[in-house]
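Chain by chain, the residues run as shown.
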Amino acid sequence: MADAHADRVPELLGVIITTLALGGIFVLARVISRVCIKPIFGWDDGLIVITWFIILGYNVAVFVSISYGYGKHIHDLSPEQIRLAVRAEVVGQFLAICSFPSGKASIAYLLQRIFPGIKLRWFLWSFVAANAIFFYLDAILILAQCQPVAFQWDSSIKGSCWSPNVVIDWGFLTGVVGAITDLVFAIVPWFYIKNLHINLKEKIGVGVALSMGFFACICSILKIYYTWTLGSHGDFTYDTIPLVIWSCVELALVNLAACIPTLGPLYALITGRGKSNTSNAATTFGSKYSGNRVGPGLGRFTTRSARGTEHEYSDEHGLNIYQETTYDVTFRDRDDDESHILGS
């Protein structure tokens, strides 16, 4: 039998502190890598920094809510505690929902930079647009479900609210869109990685680094379940704890998915495995030689036809990806003895 006076505050605090710190460490590492080691700070970097600060605001709101009793059963709280706890939690919900579109946009922008192409760009940004529509509307519904807004946490004032099913159903749809997006963003890189000229071990490493969104997808599915059961017992300050926990975990995983692929330069610097900001090309030729008379009285030239293969390494994202180009080159050298006769 469940404890009627159970307290999930320690569990909630542990998750919040861990996920916030983990996300912050990876975002900071990304900024250092992109600003100090290899100066290529772009829109994707700016978006993930903005996302983390929104997440920070969300966590602060949850901390405030916890200080008033959030995480405990509602019947263990005074009316004033309920009012203050629910108010802070509603603000936190709004911020958490607003952080998802920018986080997913950062991942889309990163994939676009690594795997450029018009079709892929439209494909990725169609998902970003869908997420923006669903998540921002969800955030608006959180605030608009009661008129006035304060009626959500203060029943002593006059007001009215929509049916809870409106917000719950839209939240369910939003969760589905988010989960599909996480899954798609995790799968897309593999269609490009398979064609890279790197060994299988490196392909798997690059693929895993770019597919952290798969774990965020799992969190989205768990959130969908808890969203669907939300409000079934009317114990808001206790029943919504799993939703908050999995939201924190998912947001941390979004940060990791966006940051891990960009940490190659920092990793290379720390481990001393080479310069992190270099881009070089190595060319190998196999040559064939043949004698050929080029024009009357102009002497003999030696024609060399060579097939070259150029491996162009691009460490912009720290993924050790390179492109291979094969081409033919023809050289003409005049024989030394005939060059001397011609006065060259």
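Residues numbered from 1 in each chain as written. Predicted model: local features only at pLDDT ≥ 70, side-chain atom pairs only at ≥ 80, totals over all residues. Heavy atoms only, no water.

- Per an unreviewed UniProt entry, the chain carries the name Rhodopsin domain-containing protein and comes from Talaromyces islandicus.
- Taken verbatim from the UniProt record of the chain, the Sequence similarities (unreviewed entry) comment is "Belongs to the SAT4 family." (UniProt positions renumbered as here; feature names shortened; annotations may be inferred.)

Here we look at the state of the cysteines
Here comes step 1: For the coordinates displayed, the defined rule picks out one disulfide.
Here comes step 2: Put simply, C146 and C161 are joined by a disulfide, and their sulfur atoms are 1.8 Å apart. Across the S-S bond of C146 and C161 the torsion is about 105°, and the bridge reads as right-handed. Of the two residues, C146 is situated in strand β1 (residues 146-147) and C161 in strand β2 (residues 160-161); the sequence distance between them amounts to 15 residues.
Here comes step 3: Given a relative accessible area of 5%, C146 falls into the buried group.
Here comes step 4: Look at C161 and you get partly exposed, because its relative accessible area is 38%. (Disulfide = S-S within 2.5 Å. Helix = DSSP H or I, 4+ residues; strand = E, 2+ residues; numbered from the N terminus. Buried < 20%, exposed > 50% of the residue type's maximum accessible area, 1.4 Å probe, protein only.)

A short note on the environment of W43
Here comes step 1: Its place among the elements puts W43 in helix α2 (residues 43-67).
Here comes step 2: On the basis of relative accessibility, which here comes to 64%, the residue W43 falls in the exposed class.
Here comes step 3: Along the sequence, W43 and S106 sit 63 residues apart, while their C-alpha atoms lie 7.5 Å from each other.

Remarks on the packing of aromatic side chains
Here comes step 1: Evaluated as defined, the whole model comprises nine aromatic pairs.
Here comes step 2: Both rings, one in F123 and one in F127, keep their centres 5.2 Å apart while their planes meet at 70°; by these two values the pair is edge-to-face. Placement of both F123 and F127 in helix α4 (residues 118-144) is noted, with a separation of four residues, approximately one turn of the helix.
Here comes step 3: By relative accessible area, F123 is classed as partly exposed at 37%.
Here comes step 4: Measuring from ring centre to ring centre gives 5.1 Å for Y225 and Y226, while their planes differ by 70°; the resulting arrangement is edge-to-face.
Here comes step 5: Chaining the aromatic ring pairs together yields one cluster made of F123, F127 and F185. (Phe/Tyr/Trp six-rings, centres within 6.5 Å; stacked < 30°, edge-to-face > 60°.)

A closer look at the UniProt feature "transmembrane region" (unreviewed entry) in the chain
Here comes step 1: Under the UniProt annotation, "transmembrane region" (unreviewed entry) lies at residues 12-33, 45-70, 123-150, 170-192, 204-228 and 243-270.
Here comes step 2: Here residues 12-33 runs as 100% helix and 0% strand, with 32 Å between its end C-alpha atoms.

Details of the environment of G69
Here comes step 1: Locating G69 in the fold gives a position in the loop between α2 and α3 (79-114).
Here comes step 2: When its relative accessible area of 5% is taken as the criterion, G69 is described as buried.
Here comes step 3: It is 6.3 Å that separates the C-alpha atoms of G69 and Q81, two residues lying 12 residues apart in sequence.

Section: helix α6 (residues 200-210)
Here comes step 1: Among all positions of α6, only K203, V206, G207, A209 and L210 are buried. Buried residues of α6, seen end-on, are gathered within an arc of 160° and therefore sit on one face of the element. For α6, the exposed residues set more than 90 degrees away from the buried face come down to L200 and K201.
Here comes step 2: For α6, the secondary structure elements touched by its buried residues are α3, α5 (164-193) and α9 (241-259). (Arc of directions from axis to C-beta. Contact = heavy atoms within 4.5 Å.)

A word on the confidence of the model for the chain
Here comes step 1: Looking at the chain as a whole, the pLDDT averages 79, with 76% of positions reaching at least 70.
Here comes step 2: Ranking the helices and strands of the chain by mean pLDDT puts α4 first, with 94, and helix α11 (residues 336-341) last, with 38. (pLDDT = per-residue confidence, 0-100.)

Re a nonpolar patch on the surface
Here comes step 1: Taken together, the side chains of L183, I187, F191, Y192, F214, F215 and I218 define a hydrophobic patch exposed on the protein surface, amounting to about 630 Å² of accessible area.
Here comes step 2: When residues of the nonpolar patch are traced back to their parent elements, those giving at least two are α5 and α7 (213-228).
Here comes step 3: Top contributing element to the nonpolar patch by residue count: α5, with four residues.
Here comes step 4: Looking at the element boundaries, L183 is found in helix α5. (Patch = residues over 30% accessible without salt bridge, like charges linked within 9 Å, V, L, I, M, F, W, Y side chains within 5 Å. Areas by Shrake-Rupley, 256 points an atom, 1.4 Å probe, with all protein chains shown as cover. Salt bridge = Lys/Arg side-chain N within 4 Å of Asp/Glu carboxyl O.)

Re the nonpolar core
Here comes step 1: Judged by nonpolar contacts, the single largest core of 61 residues is most densely connected at L12 and F185.
Here comes step 2: The biggest single contributor to this core is α3, with 13 residues.
Here comes step 3: If we skip the residues at most four places from it in the chain, F185 touches K104, I107, A108, L111, L124, F127, V128 and L210. (Core = buried A, V, L, I, M, F, W, Y, C linked by side-chain atoms within 4.5 Å.)

Points about unusual backbone geometry
Here comes step 1: Look at the link from Q147 to P148: it is a cis peptide, with omega at -5°.
Here comes step 2: Mapping P148 onto the fold places it in the loop between β1 and β2.

Some details on the side chain of Q112
Here comes step 1: Along the chain, Q112 turns up in helix α3.
Here comes step 2: Leaving out residues up to four positions away in the same chain, Q112 has contacts with R121, L124 and W125.

Notes on the packing of α5 against α7
Here comes step 1: The interhelical angle for the contact between α5 and α7, taken along N-to-C directions, is 165°, at an axis separation of 8 Å. Regarding the angle of α5 to α7, the classification is roughly antiparallel. Crossing hand, α5 versus α7: left-handed. Contacts between α5 and α7 involve I168, D169, G171, F172, G175, V176, G178, A179, D182, L183 and A186 from the former and G213, F214, A216, C217, S220, I221, I224, T227 and W228 from the latter.
Here comes step 2: Residue composition of the contact of α5 with α7, grouped by class: 12 nonpolar, six polar and two charged. (Axes fitted to C-alpha atoms, helices over the stretch in contact; angles between N-to-C directions. Parallel < 35°, antiparallel > 145°, perpendicular 65-115°, else oblique. Left-handed = near helix turned anticlockwise from the far one by under 90°. Nonpolar A, V, L, I, M, F, W, Y, C, P; charged D, E, K, R; others polar.)

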